[in-house]
Amino acid sequence: NYDVMLNYCDSNISIIENYFKSTNTSNSILVNACKAPTSSTSTIANNSIAKGTGTGISLDSTTNMNIVFNSANFTTNLSTNAAISTNGNSSNLVLLNNNIVMSGGEVLHIQSASEVSASNYNNLYAKGAEFAYWGGASHTSLSSLVSASGKDVQSLSIDPLFISSSNLHIIN
């Protein structure tokens, strides 16, 4: 079950400026078999995802997608949680400037390293034992993820101090 589910899109799509406070869905956003042309990529941007458990953004067999400027906060310490997840059949995914906090589970669950063409300037913060899964291996820290992926070189792993568990603006 999903808050938003897009299937078999044959052009670019945009999921922008939404607030997902999911208590009864396993996924906030599912994009399945959406193939945007290289000249007109799809975008998931400026969304707030506040969940206890499940998956924030799930990308299955999706091509040419920018996932940028999203905030996610998962409040339950559950190892199966994932903020951004792929199934191994996507390509040309770009992950930039996302702010993710996990009480448990993975900030990224990327089945195949070749799915992601760029990932950087993210804040990926995990409080639990898990951190990320990337291309067949689990990683327990940002430095381990960077070493394995060659991505997220300028990313951070710090608590962004969200205003609350559901208000994902940061305290400055």
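Per chain, residues are indexed from 1 in the order of the written sequence. Totals for whole chains, interfaces and linings use all residues, but because this is a predicted model, local features are given only for residues with pLDDT of at least 70 and pairs of side-chain atoms are given and counted only at 80 or more. With hydrogens and water excluded, all non-hydrogen atoms of the structure serve as input to the side-chain values.

1. Brief notes about the environment of Ala-126
Right, on to step 1. Numbering goes from the N terminus for both helices and strands, where a helix is a DSSP run of H or I of at least four residues and a strand is a run of E of at least two. With respect to the element layout, Ala-126 can be found in strand E15 (residues 123-126).
Right, on to step 2. Only protein chains enter the accessibility calculation, which uses a 1.4 Å probe; a residue is then buried when its area is under 20% of its type maximum, exposed when over 50%, and partly exposed in between. Relative accessible area serves as the criterion here: at 19%, Ala-126 is assigned to the buried category.
Right, on to step 3. In this structure, the C-alpha to C-alpha distance between Ala-126 and Ile-158, residues 32 residues apart in sequence, is 8.7 Å.
Right, on to step 4. Whether two residues are in contact is decided by their heavy atoms, any of which lying within 4.5 Å being enough. Filtering out sequence-adjacent residues up to four positions away, Ala-126 remains in contact with Met-102, Gly-105, Val-107 and Phe-131.

2. A closer look at the environment of Leu-6
Right, on to step 1. Relative to the elements of secondary structure, Leu-6 occurs in strand E1 (residues 2-7).
Right, on to step 2. In this structure Leu-6 comes out as partly exposed when scored by relative accessible area, which is 24%.
Right, on to step 3. Here the alpha-carbon distance between Leu-6 and Ala-126, two residues 120 residues apart in the chain, equals 28 Å.
Right, on to step 4. With near-sequence residues (within four places) excluded, Leu-6 lies in contact with Ile-13, Ile-15, Leu-30, Val-31, Asn-32 and Cys-34.

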